[in-house]
Amino acid sequence: MLGKVLKYEFKNSVAVMGIFYAALVLFTIMGCFGLHGLQIDSSASTPASVWFGVLLVFYFVGMVAVNVVSFIYFCKSYSTTMYSAQGYLTFTLPVNPTTIYSAKVICAFIWMMVTFILSGVSLFLFIWSGLTPEAIMEFKTLDWAALSQEMYMDSGITLEYLISLMCISMPLSFLWYILFIFSCISAGQLVNRNRMVCSILTGVIIYTIMEAANLVIMAFTGYYDYMGLVMDSSVSEEELMNSMHSMLNSTMIGSVIVQILFLIALWFFCCYINKKKLNLE
């Protein structure tokens, strides 16, 4: 049943997301053309350079707009199809409320990941269009092994480890923002009046608890001990580096664990409201 609901969600959103991605392609072309044009015409006084600058502004504004508006679209869609008058139709379907909720979360998550990846490709093409042949050759001949080793000496973390950790934390961050907003919207169902106020207060409470948990993680992973060593002039550089290596590694892993725990909690929170506390308008 989840597959059928997912198919419906994607079918319902593909047209809108197609428009967003078409706009992203257009903005990318404008940005690449503008940056490449400025590389050719570096004079700031010519009319052409002014237009190239305008294209760059359109590119950056468009990139932000596509990512922000697409996220708002899924939040608005969740609120409308679940808790407005349309919610009566949604919850009369012979489908478990958790299945409906899961489909909406998965659909939003996949689309946001695709948007993020396409935005990354767009940014890469934009930067590449402004590189000189010498810079491109230098990039191709870059010694990544030496760069990773230098990074390890400075922070105790290799480039490969950082990339792998980012591949884990970035999807978790997208899922966190989706579940966070969905949870705030769902919390409005707990009251009959002032639902927006209830949703905002829920967001403030969840965010505060999340920040408090991060502070606890920083305390247990040695962040404050490390800061104390930084302020102590008698501590050797080698001891300071060892402390920083241990602290960074433990803090990043601890943050990922806390994020996963909060994701699980928010998931069950929304499922509970949709099953037990549904209060449609």
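Residues numbered from 1 in each chain as written. Predicted model: local features only at pLDDT ≥ 70, side-chain atom pairs only at ≥ 80, totals over all residues. Heavy atoms only, no water.

Asker: I keep staring at the layout of surface pockets and nothing clicks. Help me out?
Answerer: The method is simple in principle: a probe with the dimensions of a water molecule rolls over the atoms, and the space it marks as empty is what remains. The space that makes up the largest pocket amounts to roughly 430 Å³. Surrounding the largest pocket, 18 residues form its lining, Ser 79, Ile 185, Arg 195, Met 196 and Ser 199 being those nearest its centre. Mapped by element, the contributors of at least two residues to the lining of the largest pocket are α2 (47–83), α7 (159–187) and α8 (195–220). The residue makeup of the lining of the largest pocket, split by class, is eight nonpolar, seven polar and three charged. (1 Å grid on protein atoms, 1.4 Å probe; cavity = no way out; pocket = protein on both sides within 12 Å on 5 of 7 lines; lining within 4 Å. Points joined across faces, edges and corners; volume = space filled by probe spheres on them. Helix = DSSP H or I, 4+ residues; strand = E, 2+ residues; numbered from the N terminus. Nonpolar A, V, L, I, M, F, W, Y, C, P; charged D, E, K, R; others polar.)

Asker: Whenever I open this one, empty space enclosed by the protein confuses me. Can you help?
Answerer: Tallied over the entire structure, the rule returns one cavity of 30 Å³ or more. What lines the largest cavity is simply Glu 9, Asn 12, Ser 13, Tyr 73, Phe 74, Ser 77, Tyr 78, Lys 104, Cys 107, Ala 108 and Phe 182. Those elements that place two or more of their residues in the lining of the largest cavity are α1 (2–40), α2 and α4 (97–129). Per-element accounting of the lining of the largest cavity gives the leading share, four residues, to α2. Across the lining of the largest cavity, the residue classes tally to six nonpolar, three polar and two charged.

Asker: Hey, could you run me through the environment of Ala 103 in this one?
Answerer: Residue position: Ala 103 is located in helix α4. Along the chain, Ala 103 and Thr 28 lie 75 residues apart, while their C-alpha atoms are 31 Å from each other. Discounting residues that sit within four places of it in the chain, Ala 103 has contacts with Leu 2, Val 5, Leu 6 and Glu 9. (Contact = heavy atoms within 4.5 Å.)

Asker: What exactly am I supposed to notice about the environment of Ile 110 here?
Answerer: Considering the arrangement of structural elements, one finds Ile 110 in helix α4. According to the relative accessible area criterion, Ile 110 is partly exposed, its value standing at 34%. (Buried < 20%, exposed > 50% of the residue type's maximum accessible area, 1.4 Å probe, protein only.)

Asker: For this particular structure, what's the right way to read the environment of Ser 70?
Answerer: Take Ser 70: it is sitting in helix α2. Given the relative accessible area of 0%, Ser 70 is considered buried. Put simply, Ser 70 and Leu 248 are 178 residues apart on the chain and 33 Å apart in space, counted from C-alpha to C-alpha. Other than its neighbours up to four places away in sequence, Ser 70 contacts Met 17, Phe 20, Ala 65, Met 112 and Thr 115. A polar side-chain atom of Ser 70 sits 3.0 Å from the main-chain carbonyl oxygen of Asn 67. (Polar contact = N/O pair within 3.5 Å; in protein donor to acceptor, adjacent residues only side chain to side chain.)

Asker: Would you explain the state of the cysteines in this entry?
Answerer: Two cysteines form a disulfide when their sulfur atoms are joined by a covalent bond. Enumeration over the complete set of coordinates arrives at zero disulfides. Looking at Cys 184, it has no disulfide partner, and the nearest cysteine sulfur is the one in Cys 270, 8.7 Å off. Summary of cysteine pairing: Cys 270 is not part of a disulfide, and the nearest cysteine sulfur, belonging to Cys 271, is at 7.0 Å. For Cys 270, a relative accessible area of 0% puts it in the buried group. (Disulfide = S-S within 2.5 Å.)

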